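# Descriptive analysis of the structure
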Amino acid sequence: MTVFNGAGFLRHGGTMAEMIRCHDWTGTLGPPQFWPPALRAALSICLGSTFPTCIYWGPDLRLIYNDAWAHIPGERHPWCLGRPAKEVWYDIWDVVGPQFLGVMASGEGVAEYDQLLAMVRNGEAQETYWNYSLTAIRDENDEVVGLFNQGNETTASVLAKREAQEEIARLGRLFAAAPAAIAMTEGKDHVFTLVNPSYEELVGRSDLVGHAVIETMPELANQGFIELLDHVLETGQSHIGRGVPIRLSRDGLEPELRFVDFVYQPISDIEGAVTGIFIQATDVTETSKALLSLRESEQRFEAIVNSIDQMIWSTTADGYHDYFNERWYKFTGVPRGTTDGYDWVSAFHPEDQPISWALWQQSLETGKPYHVEYRLRHVSGGYRWVIGRAQCVYDEDGKISRWYGTCTDINDLKLAEESRQLLLKELNHRVKNLFAVTSGMVNMTARSAASVQEMAQALQGRLHTLAKAHELVQPAISGDPAKESISLAVLLRELVGPHADLQSEQVAFDGPEVSVGAKASASLALIFHELATNAAKYGAFSQARGRLAVRWEAIDDKLRISWAEDIEGADLIAPTKQGFGSKLAKMSATHQLGGDIAFDWQPRGLKVTLDLSLSQLER
């Protein structure tokens, strides 16, 4: 047997190696240079290790340890060096004692993890946790002579884990009471670690914890949710879904369509690595269906209100306009939103704004239906007559909640009614003037006739011509379109003929051949019949020295007709106001013929200029 004569094995090992050399081992293990080879070998490994390591040697399990283990006994260091394990660990001997003695007796090692040891520190027993192992040290005779112990304290991690578990449990209790569906998954397989009752109710199944999402809900395949979970786990970016459709096999039934709002929020560990996903979901199926139904109802409403000719609008109780249908924008041509609020009145004709606004204010104050006729600016740039109507709606408290109104285009009816009224007045005017015209014809014929027979013949011809003029006016009165076109020269002769001698120098016509359509001839007949009648009563045909020159010429696509009366020696005074006949002529020229007429009262007679579109004359 080799004899070791020195303590060279203690030259290395840091502070504890020095303390072991200097320690008084008398009465215990004896001088280190005489320690058994097994102890020296084990101690050499112990002192050279950077991991907390100690040796319990001999029947009394005397303690020897390295620098890394020195902090473990706390305030017992360095007192504990060389002392029996039972003295050193008096506070935890009930736990570790049997383990030590068991290894010494059997030679079988022990390994413990997160072992609870109620260790006294600073005079108080504290809850501590440890990972450690106990390995038998055998001598050359294969006898167990000591223990090789390595370990480290895990108190912080155990308490942290416990705190985390308690927090999870607390959150679980909170989540369990939460109305929203809540779950947590862990790992790339998205295994459920927490599920609250609302989540189980949403998906229609239980016993989810410990199972992967796709395992418990296979119907989610190809719906995109597993891919979203993968993306959140890989990127650490949360995902929010609103009203997302999902098909779930709830309670083992066929998949049904539901709609959910949900959040996938990544869960990170203390090092920032994403380890799981927090899931929060809310079943919004009924709300989504209601919104879908509302959207469909709105689409039907829009289809209805935009399929009719009326312009439809609505306002709040105080008259603030917040809706116009498409017809309004097409009719007015205004940009969307420009007539919202109280700016709608800007589209009205300036002359109609005061009365329209006053009636609207009255309706707002009293709740009475709104009804008014006004001119509304058209997309063409002009104004058209419309009827504005509105009715209020009351809430359950009897207060006005909204106003709904329409605008109906009545421009054509309005003009037709104006024309009808003018024609009725014209007929009345013509009846009143009939006798005056006839009387003038008799007087004019009498002045030029040499005998009663000659007078009768001339008068009969003029009455016949007057009847022909009446026939020309008749289409405008009866609306009969079945009239052939007529030459402008013929039209003028038949209208002027009843009032003047066309064979004399009293009347002169000059102009190119122009064909006048049935509708235009009726309007022209009204104009020239009125001019001829007035000439017979007050103008060129009322005196023997009166003359009339009617000339017309085509200029591009326009026709200009000039009516010029001349009475030698006359000194006429222009009328102070426009008579009905002049109004009728103006109406016919502008509304029916789309042209213009101008009256110029000269001292020697009236001069009239009529500008017309050739295309209008062909109608």
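Placed above this text is the structure.
Here is what the cut-offs are and how they apply
- Positions within a chain are numbered from 1, following the residues in the order the chain's sequence is written.
- Where totals are concerned, whole chains, interfaces and linings use all residues; where local detail is concerned, this predicted model gives features only for residues with pLDDT of at least 70, and gives and counts side-chain atom pairs only at 80 or more.
- The basis for every side-chain value is the complete set of heavy atoms in the structure, and neither hydrogens nor water enter the calculation.
- Here, a strand pair is defined by DSSP locating no fewer than two bridges between the strands.
- The way it works is that DSSP assigns letters per residue, a run of H or I at least four long becomes a helix, a run of E at least two long becomes a strand, and they are numbered from the N terminus.
- Axis lines are fitted to C-alpha atoms, over the contacting stretch for helices. Their N-to-C directions set the angle, which ranges from 0 to 180 degrees.
- The contact criterion used is simple: two residues touch if any of their non-hydrogen atoms lie within 4.5 Å.
- Per-residue accessibility, obtained with a 1.4 Å probe over protein chains only, is compared with the maximum for each type, and a residue is labelled buried under 20%, exposed over 50%, and partly exposed between these values.
- N or O atoms closer than or at 3.5 Å make up a polar contact, with two conditions inside protein: a donor-capable atom paired with an acceptor-capable one, and, for residues adjacent in sequence, both atoms drawn from side chains.
- Multiplying one less than the number of residues by 1.5 Å gives the expected span of a helix.
- By nonpolar core is meant a set of buried Ala, Val, Leu, Ile, Met, Phe, Trp, Tyr and Cys residues that side-chain atoms within 4.5 Å join together.
- Each C-beta atom gives one direction from the helix axis, and the arc is the one those directions make.
- Any Phe, Tyr or Trp ring, taking Trp's six-membered ring, that has another such ring centre within 6.5 Å forms a pair; planes under 30 degrees apart are called stacked, those over 60 apart edge-to-face, and the others tilted.
- For a lysine, the NZ atom is tested; for an arginine, the CZ atom; a charge sits over a ring if that atom is within 6 Å of the ring centre and within 35 degrees of the ring normal.

### Overview of the sheet that holds strand β2 (residues 62-65)
- As summarised here, the arrangement of the 5 strands in space is β2-β1-β5-β4-β3, forming an open sheet in which the pairing is antiparallel. Because the sheet does not close on itself, it has two edges, and the strands there are β2 and β3 (110-121). Neighbour-to-neighbour, the strand axes of this sheet turn through a mean angle of 35°, independent of strand direction.

### Remarks on the sheet that holds strand β22 (residues 605-613)
- Taken together, 5 strands build an open sheet; the order of strands is β17-β19-β20-β22-β21 and the sheet is mixed. Where the open sheet ends on each side, the last strands, each with one partner, are β17 (507-510) and β21 (596-602). Taken over all neighbouring pairs, the strand axes of this sheet differ in orientation by 10° on average, direction set aside.
- In this sheet, β22 lies alongside β21 in antiparallel orientation, the contact comprising 7 bridges. Within β22, the position partnered with D596 by the bridge is D611.
- Lying over the sheet, helix α14 (residues 488-496) contacts β17, β19 (546-555) and β20 (558-567), oriented at roughly 160° with respect to β19.
- Its contacts with the sheet put helix α15 (residues 518-537) on β20, β21 and β22, and the angle it makes with β20 is roughly 10°.

### What about the environment of E167?
- By the secondary structure assignment, E167 is in helix α5 (residues 155-177).
- Residue E167 is classed as partly exposed on the basis of its relative accessible area of 33%.
- At 2.6 Å, the side chain of E167 forms a polar contact with the side chain of R170.

### Concerning helix α4 (residues 93-106)
- With 14 residues, α4 ought to run about 20 Å at 1.5 Å a step, and its terminal C-alpha atoms sit 19 Å apart, in line with that.
- Those residues of α4 not exposed but buried are W93, V96, G97, Q99, F100 and V103.
- On its buried face, α4 sits against β1 (53-57), α3 (85-88), β3, β4 (124-138) and β5 (144-153).

### Focus on the nonpolar core
- Counting residues in each nonpolar core, the largest one holds 45 residues, and the members touching the most others are I20, L43, I55, Y56, Y65, W89 and F100.
- Here this core gets 6 residues from one element, more than from any other, and that element is helix α2 (residues 37-48).
- Residues in contact with I55, not counting those within four places in the same chain, are L39, A42, L43, C46, R62, L63, I64, I137, L147 and F148.
- Counting residues in each nonpolar core, the second largest holds 36 residues, with L491, L548, L593 and L610 among its members.

### Brief notes about the side chain of T339
- Mapping T339 onto the fold places it in the loop between α10 (326-332) and α11 (353-366).
- Among the polar contacts made by the side chain of T339, one reaches the side chain of W328 at a distance of 3.2 Å.
- Discounting chain neighbours no more than four positions away, the residues touching T339 are H321, F324, W328, V334 and W344.

### Looking at α11
- The terminal C-alpha atoms of α11, which comprises 14 residues, lie 20 Å apart, in line with the 20 Å expected from a rise of 1.5 Å per residue.
- Taken as a whole, α11 has its buried residues at S356, W360, S363 and L364. The buried residues of α11 all sit within an arc of 100° when viewed along its axis, so they share a single face. Looking at α11, the residues exposed on the side facing more than 90 degrees away from the buried face are P354 and E365.
- Where α11 is buried, its residues contact β11 (311-316), β12 (321-324), β13 (370-377), β14 (383-394) and β15 (400-409).
- Once α11 finishes, G367 follows within two positions and takes phi at roughly 85°, a positive value.

### Structural notes on the side chain of Q506
- Position of Q506 among the secondary structure elements: in the loop between α14 and β17.
- We classify Q506 as buried; its relative accessible area is 10%.
- Setting aside anything within four residues of it in sequence, one finds Q506 in contact with A500, D501, A540, F541, Q543, G546, R547 and L548.

### Describing the packing of aromatic side chains
- Enumeration over the complete set of coordinates arrives at 18 aromatic pairs.
- Residues W360 and Y370 carry aromatic rings whose centres are separated by 5.2 Å and whose planes lie at 70° to one another, so their mutual orientation is edge-to-face. Taken together, the residues span a long stretch of sequence, with W360 in helix α11 and Y370 in strand β13 at a distance of 10 residues. Y370 shares its class with W360; the two are buried.
- Between F528 and W563 the ring centres are 5.9 Å apart and the planes differ by 25°, which places this aromatic pair in the stacked class. Residue F528 is located in helix α15, and its partner W563 is located in strand β20; the two are separated by 35 residues in the primary sequence. Across the pair, exposure class does not vary: F528 and W563 are buried alike.
- One aromatic cluster in this structure is built from W313, W344, F348, W357, W360, Y370, Y374 and W403.
- Over the face of the ring belonging to Y329 we find R336, whose NZ or CZ atom lies 4.8 Å from the ring centre.
- The cationic tip of K414 hangs over the ring face of W385; the distance from NZ or CZ to the ring centre is 4.6 Å.

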